[in-house]
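# Breakdown of the fold
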Amino acid sequence: MSWRCASRTATVQAIVYFLLILGINGARSEENGEKYARLHVAGFNTALYYNQFIDDVISPVVYTSSSPLFEFSYRNMNNVRRHAGFIKFGCYTADLWDVATGDYIELSYPEGDVYLFPRSLHQLDGSYFSAEYEYLRNISTLEKGKSAFHLGGRAGFYTEELSNIDHWGNDFEWSLDKSWLYDFSLALAGEIDRRFRESDRLSLCMRFTVLSLAYRPQYASPIFSEEDENSFLDDYTWMFPSDLMRWSAQLSYELWLNKSFGLEAHYRFQHQRVTEPRDLRYVSHTFSLGIRYAIKASVR
């Protein structure tokens, strides 16, 4: 990880630790006060999304990028069940890492062949979008309800795209789809959390994809014709973790300022690997800070 990325990691960790200290120091302030159950919570987060796209077949080639990522969330929760919905999106430009500049890039294939690619491959346009639903159920409760373990599943639609159009001459252009994945996936989800006040929470979430219905084009393809667009849905295939593996871990902390408004900070690491039609990997780090609003907060 670069120095710049390490610095961002340290900054987010400092924020999380600061919120954790505030929560612990304020634990006594609500011991004898009113107890609020936040049943419906909406949230908005602005995140820094740092992504690495790695092609192990050629050289390897590594593209890196960092950009804002916006997240909307909604939760309906009680002591037994939790329902949650998430929408995330962002756009960025990925740069080729650690390659000398020039009119052409020289890349060596495993067979020993050497290819020259136009300099425009130094930068690729990228985008990310996901819409997810998660259900968790309380499996175990410890410390008189202050700690809990939840288990369940998550379903979501995901797109992760890195593409580039090269102009070779005045009348011909070629679309290089470095990575283009549309998929609907099912994942196992687990969460461990610890309450410090009535609602402040430190939580660790893990998710692992078990089945996906995915669309993956070839590494390089001409710009779509009408025929290609009509056959788009026919190219979806079922993928198991051996073909499409995606897992993530997220550490987050919620600090409630009053019965309606709160803050949330989290760090999420995600690893994704796709084998068809070629072996490609994504490694991403997300550092996020946002607000929470309790739509319904009742006194217990």
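The text that follows walks through the structure, step by step, so that each part is easy to find. One numbering rule holds for all chains: residues counted from 1, following each sequence as written. With pLDDT at 70 or above as the cut-off, local features in this predicted model cover only qualifying residues; side-chain atom pairs require 80 or more to be listed or tallied, and sums for whole chains, interfaces and linings still use all residues. Excluded from the side-chain calculation are hydrogens and water; included are all heavy atoms of the structure.

This part covers the nonpolar core. Soluble globular proteins tend to pack their nonpolar side chains together in the buried interior. In these notes, a set of buried Ala, Val, Leu, Ile, Met, Phe, Trp, Tyr and Cys residues joined through side-chain atoms within 4.5 Å is what counts as a nonpolar core. Here the term buried applies to any residue with accessible area under 20% of the maximum for its type, exposed to any over 50%, and partly exposed to those in between, with areas from a 1.4 Å probe on protein chains only. If you look at the biggest cluster of nonpolar residues, it comprises 15 residues, and the most contacted ones within it are F53, Y63 and L162. Among the nonpolar cores identified, the runner-up in size contains five residues, and L181, A214, L244 and V274 belong to it.

So, on to the environment of S284. Following the sequence through the fold, S284 ends up in strand β14 (residues 280-299). Through-space distance from the C-alpha of S284 to that of T64 is 9.6 Å; in sequence the pair is 220 residues apart. Should any heavy atoms of two residues lie within 4.5 Å, those residues are considered in contact. Other than its neighbours up to four places away in sequence, S284 contacts Y49, Y50, N51, R268, F269 and Q270. Secondary structure elements are defined from DSSP: runs of H or I of at least 4 residues count as helices, runs of E of at least 2 residues count as strands, and each element is numbered from the N terminus.

Here we come to the pairing of strand β3 (residues 81-96). Strands were regarded as paired on the criterion that DSSP finds at least two bridges between them. With ten bridges joining them, strand β2 (residues 61-77) and β3 adopt antiparallel strand pairing. Across the sheet, the residue bridging to F70 is F89, located in β3. The antiparallel hairpin formed by β2 and β3 contains three residues in its connecting segment. Of the pairings in the sheet, the one linking β3 to strand β6 (residues 123-142) comprises 15 bridges and is antiparallel in character. Bridge pairing links D95 to Q123 in β6.

Tracing the backbone through its elements, the reader meets F240 in the loop between β11 (236-239) and β12 (244-256). Judged by relative accessible area, F240 falls into the partly exposed class, the value being 49%. In the structure, F240 is positioned 29 residues away from L211 in sequence and 5.0 Å away in space, judged by C-alpha atoms. Every residue in contact with F240, bar those within four places of it in the chain, is listed here: V210 and L211.

Before going further, it helps to examine the packing of aromatic side chains. Planes of paired rings set the category: under 30 degrees apart is stacked, over 60 is edge-to-face and the rest tilted, where pairs are Phe, Tyr or Trp rings (Trp by its six-membered ring) whose centres lie within 6.5 Å. Tallied over the entire structure, the rule returns 14 aromatic pairs. One aromatic cluster is present, built from ring pairs that chain together F44, F70, F72 and F89. A cation over an aromatic ring shows up here: K88 above the ring of F86, its NZ or CZ 5.7 Å from the ring centre. One Lys or Arg, R194, reaches over the ring of F196 and ends 5.4 Å from the middle of that ring. Any Lys NZ or Arg CZ that is within 6 Å of a ring centre and within 35 degrees of that ring's normal is treated as a charge sitting over the ring.

A separate point is the pattern of salt bridges. Between Lys or Arg on one side and Asp or Glu on the other, a salt bridge is scored when a side-chain nitrogen of the former is within 4 Å of a carboxyl oxygen of the latter. Going through the model one piece at a time under the given rule, you end up with 14 salt bridges. In this structure, R292 and E264 form a salt bridge, with 3.4 Å as the shortest nitrogen-oxygen distance. Taken together, the residues span a long stretch of sequence, with R292 in strand β14 and E264 in strand β13 (residues 261-274) at a distance of 28 residues. Like R292, the residue E264 is buried in the burial classification. Each member of the salt-bridge network shares a partner with another, and the members are R75, R82, E191, D193, R201 and E254.

That is the geometry; function is a separate question.
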